[in-house]
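If you want the building blocks of each chain, they are given just below.
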Amino acid sequence: TEITNNTIKSFASAIGPWEGFSIQSNLINENVAVELNIEKSKYIIFNNAGYTVLSGTITRNDRFINVAHLHDGIYFITAFDDQGNWKTIKFIKS
């Protein structure tokens, strides 16, 4: 996967070497529930066309990302830690 100019070139359902990041369900209605094994992480959400639609920081205590305003469709969330570990997970907003 290559990220350039806020676009993603290719995806699988979940890729990346970081085992410390996951989401509770791949079918999302209002909130993405994130599981972290560290205190905080930055994230980027891309749409199916590869454009950034949302970004921010998540923590263990504040682990829900509101996506209710996004249109229904396929999205990808990539989370990063301070050591350069990352993981991308596909989810469906319905």
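Everything that follows concerns the structure shown earlier in this document.
Note that the structure is predicted; figures quoted are calculated from it, not measured.

J.: Which parts of the structure should I look at to understand the sheet that holds strand β9 (residues 64–66)?
T.: What links the strands of a sheet is backbone hydrogen bonding, and the strands pair in either a parallel or an antiparallel sense. If you walk across this open sheet you meet the three strands as β4-β6-β9, and the pairing is antiparallel. The open sheet has two edge strands, β4 (21–23) and β9, and neither has a second partner. Each neighbouring strand pair of the sheet contributes to a mean axis angle of 30 degrees, computed without reference to strand direction. In the sheet, strand β6 (residues 31–36) pairs with β9 via three bridges, with the strands oriented antiparallel. The partner of Val-32 across the bridge, within β9, is Ile-65.

J.: What is the right way to look at the nonpolar core in this model?
T.: A general trend in soluble globular proteins is that nonpolar side chains are found buried together. Judged by nonpolar contacts, the single largest core of 18 residues is most densely connected at Phe-21, Val-32, Ile-45, Ile-65 and Ile-77. Contributing elements (two or more residues each) for this core: β4, β6, β7 (40–47), β8 (52–59), β10 (73–80) and β11 (86–93). Residue contacts for Phe-21: discarding those within four places in its chain leaves Val-34, Glu-35, Leu-36, Ile-58, Ile-77, Ala-79, Lys-87 and Ile-89.

J.: In this structure, what is going on with the pattern of salt bridges? I would like to understand it.
T.: Any two side chains of opposite charge can pair, given that their charged atoms come close. Within this structure, the stated rule accounts for three salt bridges. Among the ionic pairs, Arg-63 bridges to Glu-35, the shortest N-O distance being 3.2 Å. Here Glu-35 lies in strand β6 and Arg-63 lies in the loop between β8 and β9, a separation of 28 residues in the sequence. In this structure Arg-63 comes out as partly exposed when scored by relative accessible area, which is 22%. The residue Arg-60 makes a salt bridge to Glu-39 at a minimum N-O spacing of 3.7 Å. Of the two residues, Arg-60 sits in the loop between β8 and β9 while Glu-39 sits in the loop between β6 and β7, which places them 21 residues apart along the sequence. Overall, Arg-60 belongs to the partly exposed group, its relative accessible area being 40%. Residue classification places Glu-39 among the exposed positions, given a relative accessible area of 52%.

Cut-offs used in this document
Residues numbered from 1 in each chain as written. Predicted model: local features only at pLDDT ≥ 70, side-chain atom pairs only at ≥ 80, totals over all residues. Heavy atoms only, no water. Pairing = 2+ DSSP bridges. Helix = DSSP H or I, 4+ residues; strand = E, 2+ residues; numbered from the N terminus. Axes fitted to C-alpha atoms, helices over the stretch in contact; angles between N-to-C directions. Core = buried A, V, L, I, M, F, W, Y, C linked by side-chain atoms within 4.5 Å. Buried < 20%, exposed > 50% of the residue type's maximum accessible area, 1.4 Å probe, protein only. Contact = heavy atoms within 4.5 Å. Salt bridge = Lys/Arg side-chain N within 4 Å of Asp/Glu carboxyl O.

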